[in-house]
Amino acid sequence: MKKSSGDVPKTFEEKDNFKKLIKGHSRYFYEEENFREAVNNAYLAYLDEDLPSSVTDILNDPKSLDANSESDIFWKCAKAVRQFIDESGSPPVMGIFPDMTSDTDSYITLQRIYQNKALSDLEVIKSKVSAIKGSDLDQSDIDYISLFCKNLQMIEVSRFKSIETEFKELNAGEIMSAMYEDLPVVDWYWGIRAYDKFIEEFGRFPGSEESKDSEDKAQLLRIANQLIAESGVEGVEFKPEIAGEIVRFGDCELHSIAAILGGIASQEAIKLITHQYTPINNTYIYSAISSSSQVIEV
């Protein structure tokens, strides 16, 4: 197909003709599972991008382009892969060969071709990382580079901000969009903020004095709506029922909620320590009332 047109199929008609071309090489298409697999996965042959846009953004990040001997190993690898793509026109082969219908000899032959190319590309990446580092690689570097190349399609960068920055530069758009999700609990964000502000102003927990419940609820409403107005979020008003729940709660600590949030916090700590899996970014809100939660980048 590429030989005849000089390019991969792009239009619906070209893609349809490509599938027909595959079918044309079979003797009994509906009895030959490997040909059916080829047609079902034909789209993989004419993807516009070799890498997801999120990965390309990482490779083009200034921290990648400007990586040097002092940079983190992650950015050294990113720069090495960027250089590899610039030179070869395609990313390094990961060496992962999927299951497919085939005779054993053909499958093993193809698998070896992919694995050998992956090993060859890996050696090139290693040499580039070594050049960026300015010294020989140790075993931990080699293991990391291998892991990086193997998972290239799935690498991510999470950028966080401090609570101080959050309070000064709140992401109003994220807050507003979160309100339209199924079972939104983002309203509790303002409740938590108002709760902290109440303690700061009055030196006690809202609802800690039963005789002042109504007054505490009114103060929470005032504080929450003031925080919303200062944040730049438009068309949002703090719900009185949330203020009522906070006052009713007082300073109680429910064991079941503590256990859930403690489990989540421990998982996040493991992610940050091991640099494995994607951490929550950046605010997680859990509501036991609706048994739902949300993650918002405020």
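For the structure, check the block above.
Conventions used here
- Residues numbered from 1 in each chain as written.
- Predicted model: local features only at pLDDT ≥ 70, side-chain atom pairs only at ≥ 80, totals over all residues.
- Heavy atoms only, no water.
- Helix = DSSP H or I, 4+ residues; strand = E, 2+ residues; numbered from the N terminus.
- Rg over C-alpha atoms; globule rule 2.2 N^0.38 Å.
- Buried < 20%, exposed > 50% of the residue type's maximum accessible area, 1.4 Å probe, protein only.
- Contact = heavy atoms within 4.5 Å.
- Areas by Shrake-Rupley, 256 points an atom, 1.4 Å probe, with all protein chains shown as cover.
- Lys, Arg positive; Asp, Glu negative; His and termini not counted.
- Charge placed at Lys NZ, Arg CZ, Asp CG, Glu CD.
- Phe/Tyr/Trp six-rings, centres within 6.5 Å; stacked < 30°, edge-to-face > 60°.
- Lys NZ or Arg CZ within 6 Å of the ring centre and 35° of its normal.
- Patch = residues over 30% accessible without salt bridge, like charges linked within 9 Å, V, L, I, M, F, W, Y side chains within 5 Å.
- Salt bridge = Lys/Arg side-chain N within 4 Å of Asp/Glu carboxyl O.
- Axes fitted to C-alpha atoms, helices over the stretch in contact; angles between N-to-C directions.
- Parallel < 35°, antiparallel > 145°, perpendicular 65-115°, else oblique.
- Left-handed = near helix turned anticlockwise from the far one by under 90°.
- Nonpolar A, V, L, I, M, F, W, Y, C, P; charged D, E, K, R; others polar.
- Pairing = 2+ DSSP bridges.
- Arc of directions from axis to C-beta.
- Core = buried A, V, L, I, M, F, W, Y, C linked by side-chain atoms within 4.5 Å.

Caption draft 1: Spotlight on the overall build of the chain. Scanning the chain for helices and strands turns up 14 helices and 2 strands. At 27 Å, the chain has a C-alpha radius of gyration far larger than the 19 Å of a compact globule built from 298 residues. Across its three principal directions, the C-alpha atoms of the chain cover 85 × 55 × 35 Å. Of all 298 residues assigned to the chain, the portion counted as buried reaches 32%. If you take every contact in the chain between residues at least 6 apart in sequence, the share linking residues at least 24 apart comes to 54%. Of the roughly 19200 Å² of accessible surface on the chain, 52% is carried by carbon and sulfur atoms. Here the chain contributes 31 positively and 52 negatively charged side chains, and the mean placements of these two sets differ by 5 Å.

Caption draft 2: Broad picture of the packing of aromatic side chains. Scanning the entire structure with this criterion turns up 7 aromatic pairs. Both rings, one in Phe 74 and one in Trp 75, keep their centres 5.1 Å apart while their planes meet at 85°; by these two values the pair is edge-to-face. What makes Phe 74 buried here is its relative accessible area of 12%. For the ring pair Tyr 189 and Trp 190, a centre distance of 5.1 Å and an interplane angle of 75° mean the geometry is edge-to-face. Accessibility classification places Tyr 189 together with Trp 190 in one group, the buried group. Taken together, the aromatic side chains of Phe 74, Trp 75 and Phe 148 make up a single cluster linked through ring pairs. Stacked on the ring of Phe 29, the Lys or Arg Lys 23 has its end atom at 5.1 Å from the ring centre.

Caption draft 3: Here's a closer look at a nonpolar patch on the surface. Taken together, Met 100, Leu 110, Ile 113 and Tyr 114 make up a surface patch of nonpolar side chains, about 340 Å² in accessible area. Along the chain, the position of Leu 110 falls in helix 7 (residues 104-133). Assessed through its relative accessible area of 32%, Leu 110 is described here as partly exposed.

Caption draft 4: Structural detail: the environment of Leu 147. You can see Leu 147 is positioned in helix 8 (residues 139-150). The class of Leu 147 is partly exposed, set by a relative accessible area of 43%. The sequence separation of Leu 147 and Met 94 amounts to 53 residues, and the corresponding C-alpha distance is 9.6 Å.

Caption draft 5: Up close: the packing of helix 12 (residues 213-231) against helix 13 (residues 240-249). In contact at an axis separation of 9 Å, helix 12 and helix 13 are set at 130° when each is read in the N-to-C sense. On the basis of their axis angle, the class for helix 12 and helix 13 is oblique. For the pair helix 12 and helix 13, the crossing hand works out as right-handed. Contact residues: Asp 213, Asp 216, Lys 217, Leu 220 and Leu 221 in helix 12; Pro 240, Ala 243, Gly 244, Ile 246 and Val 247 in helix 13. For the contact of helix 12 with helix 13, a count of residues per class yields 6 nonpolar, 1 polar and 3 charged.

Caption draft 6: How the structure looks around the pairing of strand 2 (residues 292-296). Burial of the side chains of strand 2 is restricted to one face: Ser 292, Gln 294 and Ile 296 are buried, whereas none of Ser 293 and Val 295 on the reverse face is. The pairing of strand 1 (residues 283-287) with strand 2 spans 5 bridges and is antiparallel. In the sheet register, Thr 283 faces strand 2, and the bridge partner there is Ile 296. What sits between the antiparallel neighbours strand 1 and strand 2 is a turn of 4 residues, in which Ser 291 has the positive phi angle 50°.

Caption draft 7: View of helix 13. Every buried residue of helix 13 is listed here: Ile 242, Ala 243, Ile 246 and Val 247. Projection of helix 13 onto a plane perpendicular to its axis shows the buried side chains occupying an angular sector of 140°, all on one side. Those residues of helix 13 that are exposed and angled more than 90 degrees off the buried face are Glu 241 and Arg 248. Those residues of helix 13 hidden inside the fold are in contact with helix 11 (187-202) and helix 12. The positive-phi residue at the C-terminal boundary of helix 13 is Gly 250, with phi of around 60°.

Caption draft 8: Quick look at the nonpolar core. Among the nonpolar cores identified, the biggest contains 27 residues, and Ile 175, Tyr 189, Trp 190, Val 233 and Phe 238 are the most heavily contacted of them. For this core, the elements supplying multiple residues, two or more each, are helix 10 (172-178), helix 11, helix 12 and helix 13. Here Ile 175 is in contact with Leu 170, Val 186, Tyr 189, Trp 190, Val 233, Ile 296 and Val 298, once residues within four sequence places are set aside. Of all hydrophobic cores here, the second largest spans 23 residues; its members include Ile 58, Leu 59, Phe 74 and Trp 75.

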